[in-house]
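Okay, here's what each chain looks like letter by letter:
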Amino acid sequence: MVTVSTTTRTAQDLTAQARDVLGVSRLTNHALTSWLHGLPGVDQVGCEARAASLGTRSVKTTSKAWAIDTAIGMIDLTTLEGSDTVGKVRSLCAKALVPDPLDGTTPRPAAICVYGDMVATAKAALGDSGIHVAAVATAFPSGRASMPVKLADTRDAVEAGADEIDMVIDRGAFLAGDYLTVFNQIAEVKMACGAAHLKVIMETGELVTYDNVRRASYLSMLAGGDFIKTSTGKVQPAATLPVTLVMLEAVRDWRELTGSQVGVKPAGGIKTTKDAIKYLVMVSEIAGDDWLTPEWFRFGASSLLNDLILQRQKLATGAYSGADYVTID
Amino acid sequence: MSRLDVRKTYKLYIGGKFPRSESGRSYEVVSATGDFIANAAMGSRKDVRDAVVAARGALGGWSGTTAYNRGQVLYRVAEVLEGRRAQFVDEVGAAEGLPARAAGAVVDAAIDRVVWYAGWTDKIAQVLGNLNPVAGPFFNVSAPEPTGVVGILAPQSSSLLGLVSVIAPVIASGNTVVVVTSADRPLPAVTLGEVLATSDVPGGVVNIITARTAEVATWLAAHRDVNAIDLTGVAGADGVDWAALEAEAAGNLKRVYRPALVGGAPVEPDWTADPGLGRIRAFVETKTVWHPKGL
């Protein structure tokens, strides 16, 4: 359990580090604005063309088998519905523990991602399997709540045993140019997380431009996010290849700048093996192979796992498989 | 100045759309006399996979429509076929080497065959179902239900009459189908796809792949998400071993409709004969329900 005194020190550390990175004596909204708007702009056409060209790689046979297993190991198996029940969360956990009952060599996903009130249920169901429990917090998915509520939401999930917290940024404040508010909120939530990893959901579908995605990525990393994540999955468009490309460039350049590595998690709309492999190619080409592990790259998905399992069965048996051979989520 | 020809591109029919083959391949289709007619898309195993996905997606909706409604849709297919009669006469004549009058008779028979099966849709349950007498206070009802996604190897020689004679009975009961057309005579099948697309048949209910039968049949037979396979088209197909296909089909206990055999060798049936209920009966599953009966 994290004590108040250490969290205060961490917050000051984050602000101090931010001052160092920006080269200013005092962290003001003006300083953040100058820095974020001084970042090079994203060439929209070039970015989309690059993302499309990386999606044309042909990945077959042994490479495909490797990619499928790697992708399964990177999944945050997710259920975030108002209709979630204890039973549904348990069955999702059972699926994470034994993804394919027909083939014991199938790897397990990295984590289960649920609402905060389901953390204890998931934690109990997963036991000591090593599969993490991630909880969405801070008034997910809109993020429209006061700061004490967001912090209480976060602490609640951490106390219930969450290993990872997925927070949403205040998109209203971000779009209004109130970057200091966004920074402070992320930093405070990071404190509230204690030892839990913090993923910062930027909801790129609401940020409108790639320039904003780049700025939000840098702001999230500056404020102490361990992961930057595209979307809640509740807004369209969710994760896209070009947006993820911009984020992967950001984490790569951030490591050059500060020496610390930050993870990336595209979430929402990634449903097929083909999509997942495109993302893996992009991770390798843009960020580098250092990011090709569940520690630094995740997929936020639910139906993706079934498609990966079907493709895995196809490779194993030589015959196309069907929905009768995987569980219904 | 003479007008340039507007040549037709013969493509696949998958999920209500007309894509080219995923493989990008095509092959030359020649007439019965050996003259070049057109290039057709050469479907691959991935086209078969996509077609099965489309058929599976369409199954819930199609099997859920009322039998009466399916009959109306099938009758609509016959109407649209009739409207395109001249085009089919040309294509069937070229493919099968028939003079116009004979080709016309074949097209008429094909249209009549669709109408015949259209009439059957809401009578299948009456004929194949039953109220069973049981020794207890129960209503005991057996009713036929569609088998699911059915793979069909269409006959190699009868390019239209044979084709509708294998498709219509399967979709009449609510199944969805993936059809691999005659390899050498695929063009009437592609045009039939255009008829289906414009006659209220939901996309994905019938999916048509023009391909070399030997190349794709094995993938269809082994596919775990296909519930039954009709092997009629192995008769006269190059390099196809129907027993091996049946063995592949056993992987997920598919229903197998065997080809007609003469002396152990598959032959194509006489499509002008009375079709009977055999092809309907082969692709339904009987569900029996016990319901308690009050006194």
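Here the structure is a predicted model, which is why all the values come from computation and not from measurement.

Draft legend 1. Inspection of helix α10 (residues 210-222) of chain A at higher detail. Residues and elements named next belong to chain A. With 13 residues, α10 extends 18 Å between its outermost C-alpha atoms, agreeing within 8% with the 18 Å of an ideal straight helix rising 1.5 Å per residue. For α10, a buried count of twelve out of 13 residues is recorded, marking the element as mostly surrounded by other parts of the structure. Of the positions making up α10, those classed as buried are Tyr210, Asn212, Val213, Arg214, Arg215, Ala216, Ser217, Tyr218, Leu219, Ser220, Met221 and Leu222. One or two steps after α10, the chain reaches Gly224, where phi turns positive at roughly 105 degrees.

Draft legend 2. Region of the structure containing a nonpolar patch on the surface. Residues Leu131, Phe139, Val141 and Val289 of chain B make up a contiguous nonpolar surface patch of roughly 330 Å² in combined accessible area. On the basis of relative accessible area, Leu131 of chain B is assigned to the exposed category, the value being 53%.

Draft legend 3. Looking closely at the state of the cysteines. Residues and elements named next belong to chain A. The final tally for this structure, using the stated rule, is zero disulfides over all chains. Here Cys93 stays free of any disulfide, with the sulfur of Cys113 as its closest cysteine sulfur at 11 Å. Sulfur of Cys193: no disulfide; nearest cysteine sulfur belongs to Cys113 and is 13 Å away.

Draft legend 4. Broad picture of the packing of helix α11 (residues 241-258) of chain A against helix α12 (residues 273-287) of chain A. Residue and element names in this part refer to chain A. In the contact formed by α11 and α12, the axes pass within 9 Å of each other and the chain directions differ by 30 degrees. By the criterion of interaxial angle, the relationship of α11 to α12 is roughly parallel. The crossing of α11 and α12 is right-handed. Listed contacts from α12 to Leu241, Thr244, Leu245, Leu248, Glu249 and Arg252 of α11 are Lys278, Tyr279, Met282, Val283, Ile286 and Ala287. For the contact of α11 with α12, a count of residues per class yields eight nonpolar, one polar and three charged.

Draft legend 5. How the structure looks around the interface of chain B and chain A. Facing the nine residues of chain B at the interface are twelve residues of chain A. Where chain B abuts chain A, roughly 960 Å² becomes buried across the two surfaces, and 49% of that area is made up of carbon and sulfur atoms. Counting the surface chain B buries against chain A, the share from its top three residues, Arg49, Trp219 and Arg224 of chain B, is 53%. Summed over the shared surface of chain B and chain A, the result is zero salt bridges. Where the side of chain B that touches chain A is concerned, the elements lending two or more residues are α1 (45-64) and α8 (213-222) of chain B. For the side of chain B that touches chain A, the leading source of residues is α1 of chain B, giving three residues.

Draft legend 6. Main features of the sheet that holds strand β8 (residues 299-301) of chain A. Residues and elements named next belong to chain A. Taken together, the eight strands give an open sheet; going across it, the order is β7-β6-β5-β4-β3-β2-β1-β8, and neighbouring strands pair in parallel fashion. Of all the strands in the sheet, just β7 (263-265) and β8 have a single pairing partner and so form its edges. Strand after strand, the sheet turns through a mean of 25 degrees between neighbouring axes, direction not considered. Those strands touched by helix α9 (residues 179-193) are β4 (164-168) and β5 (197-201), and its axis lies near 150 degrees from that of β5.

Draft legend 7. Molecular detail of the sheet that holds strand β3 (residues 130-132) of chain B. All names here are of chain B. If you trace the three strands from one edge of the open sheet to the other, you get β3-β4-β12, paired in antiparallel fashion. Pairing within the sheet leaves two strands with one partner each, and these edge strands are β3 and β12 (284-292). When the angles between neighbouring strand axes are averaged without regard to direction, this sheet yields 25 degrees. Where strand β4 (residues 138-146) and β12 come together, nine bridges link them in antiparallel fashion.

Rules and cut-offs
Residues numbered from 1 in each chain as written. Chains lettered and ligands numbered in written order. Predicted model: local features only at pLDDT ≥ 70, side-chain atom pairs only at ≥ 80, totals over all residues. Heavy atoms only, no water. Helix = DSSP H or I, 4+ residues; strand = E, 2+ residues; numbered from the N terminus. Expected span 1.5 Å × (residues − 1). Buried < 20%, exposed > 50% of the residue type's maximum accessible area, 1.4 Å probe, protein only. Patch = residues over 30% accessible without salt bridge, like charges linked within 9 Å, V, L, I, M, F, W, Y side chains within 5 Å. Areas by Shrake-Rupley, 256 points an atom, 1.4 Å probe, with all protein chains shown as cover. Salt bridge = Lys/Arg side-chain N within 4 Å of Asp/Glu carboxyl O. Disulfide = S-S within 2.5 Å. Axes fitted to C-alpha atoms, helices over the stretch in contact; angles between N-to-C directions. Parallel < 35°, antiparallel > 145°, perpendicular 65-115°, else oblique. Left-handed = near helix turned anticlockwise from the far one by under 90°. Contact = heavy atoms within 4.5 Å. Nonpolar A, V, L, I, M, F, W, Y, C, P; charged D, E, K, R; others polar. Buried area = accessible area lost by both parts, 1.4 Å probe. Pairing = 2+ DSSP bridges.

Everything listed here is a matter of geometry and, on its own, says nothing about what the molecule does.
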